[in-house]
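Here is what each chain is made of, one letter per residue.
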Amino acid sequence: MKKTAFAVAGLAVTALALAGCSSSSTTSSTDAAGDEPLKIVMLLNDQFDPYYLTLVTGAEEKAEELGIDFSWQAPTTLDVASQTQLLQSVASTQPDGIIMSALDADAMVAPMKAVMDSGIPIVTVDSDVNDESARLGTVKSDGKVAGEQAAEYVEELLGGEGTVGYVGYTPGIQSVDVRLEGWTETLAGFSGIENAGDEYAGADVAENVEKTSALLSRETELDAIFASWTNAAIGAAQGVQQAGRDVAVIGVDAAPDEVDLLERGLINALVVQKPYDMGGIAVEELAGYILDGEEPESETLLDAVIATKDNMDDPEVSKYFYTTPDEN
């Protein structure tokens, strides 16, 4: 068994993140009093993930274009309690509006409703809650379609026959959960594809490697793995390589580490979201509501693109690859 070790680059998402913010402002869009710039704060799950950095970049540039005082923050730890505390802290500063990615589709409903009831509108991005009354609208990827795209790619890659498995984040984050739903439902329609089941891990890459190894150990004839977010894809690629197995990896997102693994052939395909567009749309919709009373769509869904080694240099694909900290 041949093993070729590789180091996961430093941009892999960390499980813990320091609280942080960045902001940009001008003075053209003003609040109802007409004398101060509109103030919008974005709350995200961490401040290191290239996906979130790209989302912030899109939001910052739209805010600058509209003359909005924009800032963003992330909690110190990746849990509901920390996100709730941060949401309440930000709300106490009385911004004109909040944009946020909900860490838990059920647990964040009550604290978000409380903020909405206080008169501060919320638009969710990336990951929504299960109660629409807890927010004004949502801007996110069509996660179910992303899962369907992954299943269709695998079915074509394997020629309609083979065994596949899944490695993903612990259930609770809506945006990830619906990818699994789309993946599972689509696979059920392929008679020649056997679904070997699911493995779940947290944010740590090493834990995702372990879960991939567990899947490979129990499924000796495994042909492909769907890894439904950044660190799952990195961990799955590393786990497959360490095992010396010929197993295809289909990931979600396009962080620099993932793009490098795609170029090296250690990831076969990436389902790439459009967080830059997502951030800009969220700012525009929230500002339109605050300034002009324009009700946003309850749900704005963005599509994804499939990146492979063959098309990754196409500008219509590569323009969606995610931002690094140095570029932000």
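Residues numbered from 1 in each chain as written. Predicted model: local features only at pLDDT ≥ 70, side-chain atom pairs only at ≥ 80, totals over all residues. Heavy atoms only, no water.

(A) Summary view of the nonpolar core. Counting 83 residues, the largest nonpolar core has Met42, Phe70, Trp183, Ile225, Ile250 and Val272 as the members making the most contacts within it. The leading source of residues in this core is helix α1 (residues 50-66), at seven residues. Here Ile225 is in contact with Gly165, Val167, Thr212, Leu215, Leu216, Ala236, Val240, Val247, Ala248, Val249 and Ile250, once residues within four sequence places are set aside. Counting residues in each nonpolar core, the second largest holds 17 residues, with Val90, Ala91, Val115 and Val129 among its members. (Core = buried A, V, L, I, M, F, W, Y, C linked by side-chain atoms within 4.5 Å. Buried < 20%, exposed > 50% of the residue type's maximum accessible area, 1.4 Å probe, protein only. Helix = DSSP H or I, 4+ residues; strand = E, 2+ residues; numbered from the N terminus. Contact = heavy atoms within 4.5 Å.)

(B) Region of interest: the packing of aromatic side chains. Scanning the model with the defined rule gives six aromatic pairs in all. Seen in terms of ring centroids, Tyr51 and Tyr322 are 5.5 Å apart; in terms of plane orientation they differ by 65 degrees. Their pairing is edge-to-face. With Tyr51 in helix α1 and Tyr322 in the segment after α10 (315-318), the pair connects residues that are 271 residues apart, well separated along the chain. With relative accessibility at 3%, the residue Tyr51 sits in the buried group. Arranged with centres 4.8 Å apart and planes meeting at 35 degrees, the rings of Trp183 and Phe226 form a pair that is tilted. Of this pair, Trp183 sits in helix α5 (residues 174-187) while Phe226 sits in strand β9 (residues 224-227), and the two are 43 residues apart along the sequence. Overall, the relative accessible area of 0% leaves Phe226 in the buried class. (Phe/Tyr/Trp six-rings, centres within 6.5 Å; stacked < 30°, edge-to-face > 60°.)

(C) Examining the environment of Glu263 more closely. Checked against the element boundaries, Glu263 lands in helix α8 (residues 256-263). The exposure class of Glu263 is partly exposed, given its relative accessible area of 48%. In sequence terms Glu263 and Lys309 are 46 residues apart; their C-alpha atoms lie 5.6 Å from each other.

(D) Up close: the confidence of the model for the protein. With 88% of its residues at a pLDDT of 70 or more, the protein has an overall mean of 89. Here residues 1-28 is a poorly scored stretch, pLDDT under 50, and it has 81 contacts once near neighbours within four places are set aside; other chains count. (pLDDT = per-residue confidence, 0-100.)

(E) Fine view of the environment of Ile234. With respect to the secondary-structure elements, Ile234 resides in helix α7 (residues 230-243). Overall, the relative accessible area of 1% leaves Ile234 in the buried class. The spacing of Ile234 and Ala206 is 28 residues in sequence and 9.4 Å in space, taken between C-alpha atoms.

(F) Examining the environment of Leu261 more closely. Residue placement: Leu261 occurs in helix α8. Judged by its relative accessible area of 3%, Leu261 falls in the buried class. Residues Leu261 and Lys309 lie 48 residues apart in sequence; the distance between their C-alpha atoms is 9.6 Å.

(G) The sheet that holds strand β8 (residues 193-201), seen in detail. Spatially, the six strands line up as an open sheet ordered β8-β7-β9-β10-β11-β13, and their pairing is mixed. Either end of the sheet is taken by a strand with one partner, and the two such strands are β8 and β13 (305-308). Averaged over neighbouring strand pairs, the angle between their axes works out to 20 degrees when direction is ignored. Across the face of the sheet, α5 comes into contact with β7 (162-169), β8, β9 and β10 (248-252) while running at roughly 170 degrees to β7. In the packing of α8 onto the sheet, the strands contacted are β10, β11 (269-272) and β13, and the crossing angle to β11 comes to about 145 degrees. (Pairing = 2+ DSSP bridges. Axes fitted to C-alpha atoms, helices over the stretch in contact; angles between N-to-C directions.)

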